Amino acid sequence: EIYFSAYPRGKYASRAYLFLGKSYLGQFKLDDAARLFDDGSRLFSRTLEGHKCRYKRAVVDLLRGDRAAALARFATLADHPDGPLAPEARAFQQYLAD
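It should be emphasised that the depicted structure is a prediction, and the values quoted were computed from it without experimental measurement.

A. Up close: the overall build of the protein chain. In terms of helices and strands, the protein chain carries five helices and zero strands. Going from the N terminus to the C terminus, the protein chain shows its helices and strands as α-α-α-α-α. Relative to the 2.2 N^0.38 estimate, which gives 13 Å for 98 residues, the radius of gyration of the protein chain is 13 Å and therefore close to what a compact globule would have. Seen through its principal axes, the protein chain has C-alpha atoms that stretch 45 × 30 × 15 Å.

Below, the structure written as structure tokens:
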């Protein structure tokens, strides 16, 4: 369960989604982390934080044991070589494809 009454808004909302998601990920609250990463990537799709949320969402799939979903998400990120996490996504893509 997410413990705030309203979703982040304002100038730093994109960072808030990323960091709140990471905090839930660190607590292994994967459903809450996934929800925040999904929302952050959807709401801020063209930002650095949106890109990072997509990457972290793939990590959540991997931790859940859903290799197929993680592979698909990492492959999508790896297909955009200008993204800052494309090299890491490509490495995960190769690892999961083996």
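B. Just the side chain of aspartate 61, in detail. Within the secondary structure layout, aspartate 61 lies in helix α3 (residues 48–64). A residue is classified by how much of its surface remains accessible, and aspartate 61, at 4% relative accessible area, is buried. Excluding its chain neighbours within four sequence positions, the residues that come into contact with aspartate 61 are Asp66, Ala69, Ala70 and Arg73.

C. Representation of the side chain of serine 41 in the model. Looking at the secondary structure, you find serine 41 in helix α2 (residues 30–43). With a relative accessible area of 14%, serine 41 lands in the buried category. Apart from residues no more than four positions distant in its own chain, serine 41 is found in contact with Gly50, Cys53 and Arg54.

Conventions we followed
- Residues numbered from 1 in each chain as written.
- Predicted model: local features only at pLDDT ≥ 70, side-chain atom pairs only at ≥ 80, totals over all residues.
- Heavy atoms only, no water.
- Helix = DSSP H or I, 4+ residues; strand = E, 2+ residues; numbered from the N terminus.
- Rg over C-alpha atoms; globule rule 2.2 N^0.38 Å.
- Buried < 20%, exposed > 50% of the residue type's maximum accessible area, 1.4 Å probe, protein only.
- Contact = heavy atoms within 4.5 Å.

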